[in-house]
Amino acid sequence: MKNFIGIIGTNSDNSTNRLLLQFIQKHFADKANIEICEIKNLPAFNKPEDKKAPYEVQKLADKIRKADGVIISSPEYNHSVPAILKSTLEWLSYTNQALIDKPVMLTGASYGRLGSSRAQTHLRQILDAPELKARIMPSSEFLIGYSLQAFDDNGNLTDQYKIEELEQIFNDFIKFVDITNQLVNTNDSHKKKATNFSWEEN
Amino acid sequence: MKIVGIVGSNADFSYNRILLNFIAKNFKKLIDVEVLDIKDVPMFNQSDDQTNSEAIQYLNKKIVEADGVIIATPEYNHSIPSALQSVLEWLSFKIHPLDGKPVMIVGASYDVQGSSRSQLHLRQILDAPGVNAVVMPGNEFLLGEVHKAFDENENLKDTQTTQFLEGCIKKFIRFINVVNIVESPEGMKDVSSTEDLNATGTIDTTIEGIDMKADDWVEQAAKATGAVEGDAYVKLNRGVLTVNQINHFLNSMPAELTYADSNNQFLYYNYKLEEDEMLASRNPAQVGSPLADCHPERAFSSVAWVIQQLRNGKEDVVRTKVPTHGPDKFVVHNYQAIRDADGNYLGINEYVQDIQPIIDWYLEQTGQLLTGGGVDAASGATTKVDTVSSATVKG
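Residues numbered from 1 in each chain as written. Chains lettered and ligands numbered in written order. Predicted model: local features only at pLDDT ≥ 70, side-chain atom pairs only at ≥ 80, totals over all residues. Heavy atoms only, no water.

Caption draft 1: Layout of the overall build of chain A. Along its length, chain A carries 6 helices and 6 strands. Order of helices (α) and strands (β) in chain A, N terminus to C terminus: β-α-β-α-β-α-β-α-β-β-α-α. Relative to its length of 202 residues, chain A is compact, with a C-alpha radius of gyration of 16 Å against a globular reference of 17 Å. Projected onto its principal axes, the C-alpha coordinates of chain A cover approximately 50 × 35 × 25 Å. Considering chain A as a whole, with its 202 residues, one finds that 56% of them fall into the buried category. Once local pairs closer than 6 in sequence are excluded, the contacts in chain A between residues at least 24 apart make up 81%. A total accessible area of about 9100 Å² is found for chain A, and carbon and sulfur atoms account for 47% of it. (Helix = DSSP H or I, 4+ residues; strand = E, 2+ residues; numbered from the N terminus. Rg over C-alpha atoms; globule rule 2.2 N^0.38 Å. Buried < 20%, exposed > 50% of the residue type's maximum accessible area, 1.4 Å probe, protein only. Contact = heavy atoms within 4.5 Å. Areas by Shrake-Rupley, 256 points an atom, 1.4 Å probe, with all protein chains shown as cover.)

Structure (structure tokens):
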């Protein structure tokens, strides 16, 4: 059994990305324990001089550190990810670098047809920044378009093809976690470099 | 011109704020910049609409009233800061002050990248339908290693960087004017009617009684006026030459010269090459024709626009480059106003030139190299500003 953290990439009360992560949690309960984390109560990042993570941020970082992998589900705002998700990632990169070398899988849902495609591309680029250096699973795009119509009353995805696609990606992710850990263990110097990263002294 | 400068960071200390203050101070003769902070704007939350809060309404009002917006962004994690992202989310949720607004992007960062990746993200975000800003293309101003870039008075140390920035600002002013036309009902307007391109009027020098469109207009007009030719002497300011000498002299000019009078009649060109050898083709039978007969109808509006700039005294010269001659030539059409001593508009001197040989000669003589298109942002070039956009010159 793997232990994963699922991060809902929005602070909105109503979110189909929350529904999607809840569905993933339920659907793969025999393969992984997934704890779903909200970021809506995190303070907005403001680059404090003391570089201290606020309590809520530290709590999330500790959970990420302990987890085998992270699943982020993000909506799309203005061709990109919501500011609140970006703010969360800024906290992590600026204070404790909890995502370094952490295997990450991305999913996304949107009300429109495109299913958060541009947001996912931005999110990949952001997570790939040296200050974050997450290990994002490549070649695995999972998009839910028309997400308001995608779930039934019990919060289950109704499209069987989409479920199969998700199962494949999720199985890949479990293997990806193991492979990444092998890769990461052989190269500890990356971690040191990224841990010492500073926006000021690069 | 009123410009709002938005500091893309909510940090207490921000070099992007310093950069915007520098722009406001240094280019105040060109634009009137008010620098605005986003520190007080709350984190966007669609479940907690704060569109009506003071901070957001203040930004909204300032942007709506401005002619254009300059956004200065740092780079956090290959992207723009969440604080800026949050502002743009508020400004695309219930209100849309940036819709159709001309926007210029600048950015500064501590590393050599100078906010290169965040600027691209910002472009994509500003292009989203909810924001719908009109972002100036090209003219990418990236200020890398920003902690070394300013002196103690918060002025940019490097004069070339300042010059490049000034060039970007001047382009932005033009861009705002262009966007205003695009966004206005006038944008669709055909301005060809502002000029009498068919030369139906007459001016003091118009040679009347001859069909302007006749192939032998020159011969007929010369006969009607008793024009001198050949070895006849003409007194000029200042000199005396024969007509032949004047012809040879004009033909030796390193440009194709055309004279159209203020009645929009094509009166002269320095005929030395046949039509298909010219940079801008003319043929002997065209001389005498109204300008409407020398251009396709779809060009009438632009022709009229150019003449208006010169006739109204808005410009003394309008230039346009014509890229269809291949990479070895840089062909410029110059429309120079001809005016009398009192400044009255007499017509156009259109001179068409390939200026590439002049540029090459200048570089050879001075040992200078052109930078710009050749500077590679990724290789950490020593110049602080990567002028990736200026593709017209190659080093």
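There is more to say, and it comes next.
Caption draft 2: Up close: the overall build of chain B. Along its length, chain B carries 9 helices and 13 strands. Compactness check: chain B gives a C-alpha radius of gyration of 27 Å against a globular reference of 21 Å for 395 residues, more than 25% above the reference. Taken along its principal axes, the extent of the C-alpha atoms in chain B is 85 × 50 × 35 Å. When the 395 residues of chain B are sorted by exposure, 46% land in the buried category.

Caption draft 3: Looking closely at the domain arrangement of chain B. The assigned domain composition of chain B is domain 1 (2-188) and domain 2 (194-354). Just the C-alpha atoms count here: the centres of domain 1 of chain B and domain 2 of chain B sit 45 Å apart. (Domains from an automatic or database assignment.)

Caption draft 4: Representation of the interface of chain B and chain A. Counting from both sides, the interface comprises 30 residues of chain B and, opposite them, 32 residues of chain A. Carbon and sulfur atoms make up 50% of the area that chain B and chain A hide from each other, which totals about 2600 Å². The tally of links between chain B and chain A comes to 0 salt bridges. Put simply, chain B and chain A have 22 residue pairs in polar contact (both at pLDDT 80 or more) between them. Among the elements of the structure, helix H3 (82-90) and helix H4 (116-126) of chain B are those that each provide at least two residues to the side of chain B that touches chain A. By residue class, the composition of the side of chain B that touches chain A is 12 nonpolar, 14 polar and 4 charged. (Buried area = accessible area lost by both parts, 1.4 Å probe. Salt bridge = Lys/Arg side-chain N within 4 Å of Asp/Glu carboxyl O. Polar contact = N/O pair within 3.5 Å; in protein donor to acceptor, adjacent residues only side chain to side chain. Nonpolar A, V, L, I, M, F, W, Y, C, P; charged D, E, K, R; others polar.)

Caption draft 5: Expanded view of the pattern of salt bridges. Tallied over the entire structure, the rule returns 20 salt bridges over all chains. Across the salt bridge formed by Glu-76 of chain A and Arg-118 of chain A, the nearest N and O atoms sit 3.1 Å from each other. With Glu-76 of chain A in the loop between strand E3 (69-73) and helix H3 (83-96) and Arg-118 of chain A in helix H4 (residues 117-127), the pair connects residues that are 42 residues apart, well separated along the chain. Here Arg-118 of chain A falls in the partly exposed class, since its relative accessible area comes to 33%. Ionic pairing is found between Glu-145 of chain B and Lys-148 of chain B, a salt bridge with its closest N-O pair at 3.0 Å. Overall, Lys-148 of chain B belongs to the partly exposed group, its relative accessible area being 47%.

Caption draft 6: Local environment of the packing of aromatic side chains. Inspection of every chain in the model, using the stated rule, returns 20 aromatic pairs over all chains. Taking the centre distance of 6.4 Å and the plane angle of 5° together, the rings of Tyr-15 of chain B and Phe-150 of chain B count as stacked. Taken together, the residues Tyr-15 of chain B in helix H1 (residues 15-26) and Phe-150 of chain B in the loop between strand E6 (141-143) and helix H5 (159-183) connect sequence positions 135 residues apart. This pair shows no difference in class: Tyr-15 of chain B is buried, exactly as Phe-150 of chain B is. Here Trp-90 of chain B and Phe-93 of chain B contribute two aromatic rings whose centre-to-centre distance is 6.4 Å and whose plane-to-plane angle is 70°, an arrangement assigned as edge-to-face. We note Lys-162 of chain A situated over the ring of Phe-142 of chain A; from NZ or CZ to the ring centre the distance is 5.1 Å. (Phe/Tyr/Trp six-rings, centres within 6.5 Å; stacked < 30°, edge-to-face > 60°. Lys NZ or Arg CZ within 6 Å of the ring centre and 35° of its normal.)

Caption draft 7: Geometry of the UniProt feature "domain: NADPH-dependent FMN reductase-like" (unreviewed entry) in chain B. Sites flagged by UniProt as "domain: NADPH-dependent FMN reductase-like" (unreviewed entry) map to residues 1-147 of chain B. Taken end to end, residues 1-147 of chain B comprises 30% helix and 20% strand; its first and last C-alpha atoms sit 30 Å apart. (UniProt positions renumbered as here; feature names shortened; annotations may be inferred.)

Caption draft 8: View of the nonpolar core. Within the largest apolar cluster, 35 residues are counted, with the highest numbers of intra-cluster contacts made by Ile-72, Leu-89, Leu-92, Leu-99 and Leu-127 of chain A. Only strand E1 (2-8), helix H2 (55-66), E3, H3, strand E4 (103-109) and H4 of chain A provide two or more residues apiece to this core. Among the elements that take part in this core, H3 of chain A stands out by supplying 7 residues, more than any other. Setting aside residues no more than four positions away along its own chain, Ile-72 of chain A makes contact with Ile-7, Leu-85, Val-104, Met-105, Leu-106, Thr-107, Leu-123 and Leu-127 of chain A. If you look at the next biggest cluster of nonpolar residues, it comprises 34 residues, including Ile-31, Ile-70, Val-106 and Ile-176 of chain B. (Core = buried A, V, L, I, M, F, W, Y, C linked by side-chain atoms within 4.5 Å.)

Caption draft 9: Seen up close, the sheet that holds strand E11 (residues 317-322) of chain B. All names here are of chain B. Reading across from one edge, E10-E9-E13-E12-E11 is the order of the 5 strands in this open sheet, with antiparallel pairing throughout. Each end of this open sheet is capped by a strand with a single partner; those strands are strand E10 (266-269) and E11. Taken over all neighbouring pairs, the strand axes of this sheet differ in orientation by 20° on average, direction set aside. Judged from the 6 bridges that link them, strand E9 (residues 256-261) and strand E13 (residues 345-354) form a sheet pairing that is antiparallel. (Pairing = 2+ DSSP bridges. Axes fitted to C-alpha atoms, helices over the stretch in contact; angles between N-to-C directions.)

Caption draft 10: Expanded view of the packing of H4 of chain A against H4 of chain B. Put simply, H4 of chain A and H4 of chain B touch, their axes get as near as 12 Å, and they point 160° apart. With respect to their mutual orientation, H4 of chain A and H4 of chain B come out roughly antiparallel. Once H4 of chain A is placed against H4 of chain B, the crossing between them reads as left-handed. Seen from H4 of chain A, the contacting residues are His-122, Gln-125 and Ile-126 of chain A; seen from H4 of chain B, they are His-121, Gln-124 and Ile-125 of chain B. (Parallel < 35°, antiparallel > 145°, perpendicular 65-115°, else oblique. Left-handed = near helix turned anticlockwise from the far one by under 90°.)

Caption draft 11: Region of the structure containing the side chain of Ser-82 of chain B. Inspection of the secondary structure assignment puts Ser-82 of chain B in helix H3. Given the relative accessible area of 1%, Ser-82 of chain B is considered buried. Among all residues touching Ser-82 of chain B, those that are not within four sequence positions of it are Phe-45, Ala-83, Lys-86, Ser-87 and Glu-90 of chain A.

Caption draft 12: Geometry of the pairing of strand E3 (residues 68-73) of chain B. All names here are of chain B. When you tally the buried positions in E3, you get 6 out of 6 residues, the bulk of the element. Across the two faces of E3 the burial is the same, with Gly-68, Ile-70 and Ala-72 and Val-69, Ile-71 and Thr-73 all buried. With 5 bridges connecting them, E3 and strand E4 (residues 102-108) associate as parallel partners. Of the residues in E4, the one forming a bridge with Ile-71 is Ile-105.

Caption draft 13: Geometry of helix H1 (residues 16-27) of chain A. Spanning 12 residues, H1 of chain A covers 16 Å between terminal C-alpha atoms, matching the ideal 16 Å at 1.5 Å per step. Looking at the packing, one finds that the buried side of H1 of chain A touches E1, strand E2 (32-37), E3, E4, strand E6 (142-144) and helix H5 (160-185) of chain A. (Expected span 1.5 Å × (residues − 1).)

Caption draft 14: Quick peek at the side chain of His-121 of chain B. Here His-121 of chain B is to be found in helix H4. We classify His-121 of chain B as buried; its relative accessible area is 3%.

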